[in-house]
Amino acid sequence: MELDRLIPVLWDLLQREKSVWALQILVQAYLHLPPENLQQLVLSAEREAAQGFLTLMHRSWGQLQVPPSEEQALGHLTALLLQRYPRLTSQLFIDLSPLIPFLAVSDLMRFPPSLLANDSVGPGDNSLEQDKGFRLFTLSRLAAIRDYSPGMRPEQKEALAKRLLAPELFGEVPAWPQELLWAVLPLLPHLPLENFLQLSPHQIQALEESWPAAGLGPGHARHVLRSLVNQSVQDGEEQVRRLGPLACFLSPEELQSLVPLSDPMGPVERGLLECAANGTLSPEGRVAYELLGVLRSSGGAVLSPRELRVWAPLFPQLGLRFLQELSEPQLRAMLPALQGTNVTPAQAALLLGRLLPRHDLLQLDSSALLANRRRYRELPWSEQQAQFLWKKIQVPTNLTLRNLQALGTLAGGMSCEFLQQINSMVDFLEVVHMIYQLPTGVRGSLRACVWAELQRRMAMPEPELTTLGPELSGLDTKLLLDLPVQLMDRLTNESIMLVVELVQGAPEQLLALTPLKQAALAERALQNLAPKETPVSGQVLETLGPLVGFLGIESTRRIPLQILLSHLSQLQGFCLGETFATELGWLLVQEPVLGKPELWSQDEVEQAGRLVFTLSTEAISLIPREALGPETLERLLEKQQSWEQSRVGQLCGEPQLAPKKAALVAGIVQPAAEDLPEPVPNCADIRGTFPAAWSATQIAEMELSDFEDCLALFAGDPGLGPEELRAAMGKAKQLWGPPRGFRPEQILQLGRLLIGLGDRELQELVLVDWGVLSTLGQIDGWSSVQVTPSLLPTTLQTSHRPSPLGHIDQAALFLGTLHLQCSEEQLEVLAQLLVLPGGFGPVSNWGPEIFTEIGTIAAGIPDLALSALLQGQIQGLTPLAISVIPPPKFAVVFSPTQLSSLTSVQAMAVTPEQMASLSPEQRRAVAWAQREGKESPEQQGRSTAWGLQNLSQPSWALVLTISFLGHLL
């Protein structure tokens, strides 16, 4: 029976029987209706019918089952019901409340404030009875939201929390009564920090028992603690017990005052260890250091294996000495608990040395990896591996889509020629859709081929174009996100909103784009949401989401300062482009936002959070010392480090912040007055800041025990300069003696500090293990002198005699993945080896996968061979390889035509020095490639030979392409 015939029957049955199973079937039938049919059904429904349906849903909610695949459709149904009944009765709102967790964030941002309160009565009404009715009416709705808040995502709670701030609802935050605070408790942690800081001590103390389980973030938690913690009374341990998880945010000074840490298995200590386990407490922070002191002073030998496992989150900070004191049974008991921790290489070497005989390691081989050949199609092949295997399996041109899908990730190696020979437009689009679904992504050269081929086909008369329709609508929105810049401006409003939704859910896909495309997409989305020259509302800002960080100067200045202030917490989670970050830093110090930095207090610093690094170095240096106390500073640096180590933070690739971080910690690192000596740090000071903040003199004067406790931090700080490295290495030699006596695990623990060794000392190192040497090879910063064969440790040269390379191509598979800091002559020698017997043969015969495989070695290919490369070969060059080609060579070998064939990612890798060496025509070619064929303003009106094959297409071809993309959606 068709849905449109089944629904009336089910509805009839539901009216008579009030049956849960009939309701279940009816709801599923609704959710499977086409969106336009569902909209018509809801908007034409009678009020009493909708009331009965929702009441039954509310009563039967616990018995209903909604599979994850239907949650989005249920959210759409809920949004339609709110659209149909914007003025809900209290009962109807309560009946609807189970569905609120399924609303999209964009729907919640449009949540009318009137839904949360009685329209007929306002908070300022003088009638006692009316005010009482208002409160009961309002609180019942808020309580309904509270009951279903556990099913909401953080971003949903944040959207609802901002609805509470509408001034016509409850007035200013300091005036919110206790019953209102209780009703909205799950939303309070998601209020913007600026508004949360307005809660008075009286308001906070009224909810004292509720805060520990509220899930507060650092800034919110510190504000609550200032009102709850009383260090002048004697019941410190009881206070900490009542705080529960909030104790994670106490400073070492507060803990020392309330309940000094002393028992490695005490209740307070165990609670703090739970904070470290769930990520609330940084293992590298000062509180963690106090905990480690407790464990070291008591000695690990007194703890049972079960008790030791509790300390697993802090294990990487314990160093080597503590491990050496543990028995083998204790170490074995610890191993399962260490699976989720970042054990250091030195600790791993020590553990393996004590627990696993060396001959067991040597018996491992690759047979286990090849046992299940079916997994080939699921392996995350690199783009060059996939291209090589695609050629190897000799895919026939008439391969069906089903057979292509069976190749799995191997299909990522598809050649451009294969795509070009697909005759049917429908088949072509299905194949494109398939490769865009691969988890390994689409390589740059194949992406360029897709869009060039698509535009070529749209410029050709083809009967099929008139019959295209539903089969195109299933194509993934990733295609739109990948749209070339020159087509971005022509997207329909519906298309651009699909891209915005995709970016909201998967910001890492936005960060994979070039800066030019990120900016173009952000500006196009803003153009769709807010007419030019009109202020950017809070709702528009929230809809843009991660795209906000790539707005230009003019667009950024359209954001009202008060709205900017209320969205600072949201901005802290976004990648900020250089233009937006610079402009934001200027706006933050304006009076309506946070004001002049020299007048900031701790509150302003906490509101700014990691956005303080958008300020100029000069502005940061003006922040008063009183506003940057040890606790505030530590939290701020932890937040920035957490961001840098997150997936989005790593993809963002923000500029180096060393000068700004140095300005931030100057008040602690530098003497308070010119006539005072420099402070000598202890380990707690190092943990509260970072090793590179301190000078070589200060490091050299540290107590040896403090240095040993913080050795892991020193070894892992990439910001230490040559003098600081030598000073730290000097302390290590005081600790362990001359370098010739260093054991392998000690060498591994020293890590980057080994750069601070002198030439003779480096030669004296005893390296009898290639594994240790390979770990050292991953350290960045060795000088060219230190890595010359003459300075290779003598013991390694004499005890290992590697056989000559039989196949240089096998070595290239490894070397190509490295950022080789070789001279031009060294790269030329390596490249020359690749064409010898046993290598890859003549350069003219290489496929793009070989250029990708050899990485930066490609920069050493002779000028004549590089100048003869074809488009496919050029697009195989890695961006890193392009960037290390010497500027004079870059200008000589590549013609404008070749430069215009670079992918946008490759073109963005061209360095300023390389650009400066190019001719005007070559520079235009690179700019044209960076903008994916879209002319910059200074290029418009000019035509060049290298662009004729693309620019000579008639304008109607682009119109057809955009029209076609409309069908695609």
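These numbers were taken from a predicted model, which means no experiment stands behind them.

Draft legend 1. Focus on the overall build of the chain. Along its length, the chain carries 65 helices and 0 strands. Scored against the burial criterion, the 969 residues of the chain give a buried share of 50%. Restricting to contacts in the chain with at least 6 residues of sequence separation, those with at least 24 account for 71%. Accessible surface computed for the chain: about 46000 Å², of which carbon and sulfur atoms make up 55%.

Draft legend 2. Seen up close, the packing of aromatic side chains. Evaluated as defined, the whole model comprises 9 aromatic pairs. Centroid distance Trp846 to Phe851: 5.3 Å. Interplanar angle 65°. Geometry classified as edge-to-face. Feature note: the residues Phe840, Trp846 and Phe851 constitute an aromatic cluster, connected by ring pairs. Here the guanidinium or amino end of Arg557 rests over the ring plane of Trp586, the centre of that ring lying 5.2 Å away. One residue, Arg610, lies across the ring of Trp643, its end atom 4.0 Å from the ring centre.

Draft legend 3. Layout of the confidence of the model for the chain. Model confidence for the chain is summarised by a mean pLDDT of 80, while 82% of its residues fall at 70 or above. Segment residues 357-373 is flagged for pLDDT under 50; beyond a separation of four residues in sequence, or across chains, it makes 3 contacts in the model. Taken together, the stretch residues 462-475 has pLDDT below 50 and engages in 27 contacts with residues farther than four places along the chain or on a different chain.

Draft legend 4. Region of the structure containing helix α14 (residues 218-228). Across the 11 residues of α14, 9 count as buried, placing the element largely inside the fold. Burial in α14 covers these residues: Gly219, His220, Ala221, Arg222, His223, Val224, Leu225, Ser227 and Leu228.

Draft legend 5. Quick look at the packing of helix α2 (residues 20-31) against helix α4 (residues 47-60). Look at α2 against α4: their axes get within 11 Å of each other, and the N-to-C directions meet at 115°. For the element pair α2 / α4, the angle class is roughly perpendicular. Where α2 crosses over α4, the handedness of that crossing is left-handed. Residues Val20, Leu23, Leu26, Val27 and Tyr30 of α2 lie in contact with α4, whose contacting residues are Phe53, Leu56, Met57 and Ser60. Split into classes, the residues belonging to the contact of α2 with α4 amount to 8 nonpolar, 1 polar and no charged.

Draft legend 6. Examining the state of the cysteines more closely. If you walk through the whole model with that rule in mind, you get 4 disulfides. Cys248 shares a disulfide with Cys275; S-S distance 1.8 Å. Handedness here is read from the sign of the S-S torsion; for Cys248 and Cys275, about -70°, the answer is left-handed. You can see Cys248 sitting in the loop between α15 (236-243) and α16 (252-258) and its partner Cys275 sitting in helix α17 (residues 267-277), a full 27 residues away along the chain. A relative accessible area of 3% means that Cys248 is categorised as buried. What connects to what in the chain, once the bonded cysteines are numbered by sequence position, is 1-2, 3-4, 5-6, 7-8.

Draft legend 7. How the structure looks around the pattern of salt bridges. This structure, assessed with the given rule, holds 24 salt bridges. When the shortest N-O distance is used, the salt bridge between Asp709 and Arg296 registers 3.7 Å. Residue Asp709 is located in helix α46 (residues 704-709), and its partner Arg296 is located in helix α18 (residues 286-298); the two are separated by 413 residues in the primary sequence. Arg296 gets classed as partly exposed once you look at its relative accessible area, which sits at 27%. Its salt-bridge partner being Glu761, residue Lys733 comes within 2.6 Å of it at the nearest N-O pair. On the criterion of sequence distance, the pair formed by Lys733 in helix α48 (residues 722-736) and Glu761 in helix α50 (residues 759-764) is long-range, its members being 28 residues apart. Looking at Lys733, the relative accessible area reads 27%, which means it is partly exposed. Salt bridges sharing partners connect three or more residues here, namely Glu253, Arg286, Glu631, Glu634 and Arg635.

Draft legend 8. Main features of unusual backbone geometry. One non-glycine residue, Glu533, adopts positive backbone phi at about 70°. Glu533 sits in the exposed class, given a relative accessible area of 73%.

Draft legend 9. Representation of the nonpolar core within the structure. Grouped together as the largest cluster of nonpolar side chains are 206 residues, with contacts concentrated most on Leu188, Trp211, Leu246, Phe714 and Leu753. No other element matches α18, which puts 7 residues into this core. Shared between two domains, this core takes at least three residues from each, and those domains are domain 1 (229-338) and domain 3 (674-767). Beyond its immediate stretch of four places on either side in the chain, Leu246 contacts Trp211, Pro212, Leu216, Ala221, Val224, Leu225 and Leu228. Residues Ile861, Phe894, Leu902 and Val910 belong to the second largest nonpolar core, which totals 31 residues.

Draft legend 10. Spotlight on the side chain of Gln922. Structurally, Gln922 can be placed in helix α63 (residues 920-930). Within the structure, Gln922 has its side chain in polar contact with the backbone nitrogen of Ser919 (distance 2.9 Å).

Draft legend 11. Representation of the packing of helix α41 (residues 630-645) against helix α43 (residues 658-669) within the structure. Between α41 and α43, the shortest axis-to-axis distance is 10 Å and the interhelical angle comes to 155°. Taken together, the axes of α41 and α43 are roughly antiparallel relative to one another. As for the relative orientation of α41 and α43, their crossing is left-handed in sense. Note on element contacts: α43 touches α41 through Lys661, Leu664, Val665 and Ile668, opposite Pro630, Leu633, Leu636, Leu637, Gln640 and Glu644. In the contact of α41 with α43, the residues fall into 7 nonpolar, 1 polar and 2 charged.

Draft legend 12. Just a nonpolar patch on the surface, in detail. Taken together, Val829, Leu833 and Leu836 make up a surface patch of nonpolar side chains, about 230 Å² in accessible area. Secondary-structure assignment places Leu836 in the loop between α54 (824-834) and α55 (848-854).

Draft legend 13. The arrangement of the environment of Ile435 in detail. As for its position among the elements, Ile435 is in helix α27 (residues 425-436). The class of Ile435 is buried, set by a relative accessible area of 1%. C-alpha of Ile435 to C-alpha of Gly408: the two residues are 27 residues apart in sequence and 9.2 Å apart in space. For Ile435, the contacting residues outside a window of four places in its chain are Ala411, Met414, Val442, Leu446 and Val450.

Draft legend 14. Broad picture of the environment of Ser823. Relative to the helices and strands, Ser823 resides in the loop between α53 (808-815) and α54. Residue classification places Ser823 among the partly exposed residues on the basis of a relative accessible area of 29%. Along the backbone, Ser823 and Val884 are 61 residues apart, and their C-alpha atoms lie at a distance of 9.8 Å.

Draft legend 15. Quick look at α43. Here α43 spans only 14 Å end to end across 12 residues, well under the 16 Å set by a 1.5 Å rise per residue. Listed in full, the buried residues belonging to α43 are Lys660, Lys661, Ala663, Leu664, Val665, Ala666 and Val669. Along its buried surface, α43 packs onto α40 (617-621), α41 and α45 (696-700).

Draft legend 16. Spotlight on the side chain of Ser251. The topology assignment puts Ser251 in the loop between α15 and α16. Given a relative accessible area of 4%, Ser251 falls into the buried group. Not counting residues up to four positions away in its chain, the partners in contact with Ser251 are Arg222, Arg286, Val287 and Glu631.

What counts, and where the lines are drawn
Residues numbered from 1 in each chain as written. Predicted model: local features only at pLDDT ≥ 70, side-chain atom pairs only at ≥ 80, totals over all residues. Heavy atoms only, no water. Helix = DSSP H or I, 4+ residues; strand = E, 2+ residues; numbered from the N terminus. Buried < 20%, exposed > 50% of the residue type's maximum accessible area, 1.4 Å probe, protein only. Contact = heavy atoms within 4.5 Å. Areas by Shrake-Rupley, 256 points an atom, 1.4 Å probe, with all protein chains shown as cover. Phe/Tyr/Trp six-rings, centres within 6.5 Å; stacked < 30°, edge-to-face > 60°. Lys NZ or Arg CZ within 6 Å of the ring centre and 35° of its normal. pLDDT = per-residue confidence, 0-100. Axes fitted to C-alpha atoms, helices over the stretch in contact; angles between N-to-C directions. Parallel < 35°, antiparallel > 145°, perpendicular 65-115°, else oblique. Left-handed = near helix turned anticlockwise from the far one by under 90°. Nonpolar A, V, L, I, M, F, W, Y, C, P; charged D, E, K, R; others polar. Disulfide = S-S within 2.5 Å. Salt bridge = Lys/Arg side-chain N within 4 Å of Asp/Glu carboxyl O. Core = buried A, V, L, I, M, F, W, Y, C linked by side-chain atoms within 4.5 Å. Domains from an automatic or database assignment. Polar contact = N/O pair within 3.5 Å; in protein donor to acceptor, adjacent residues only side chain to side chain. Patch = residues over 30% accessible without salt bridge, like charges linked within 9 Å, V, L, I, M, F, W, Y side chains within 5 Å. Expected span 1.5 Å × (residues − 1).

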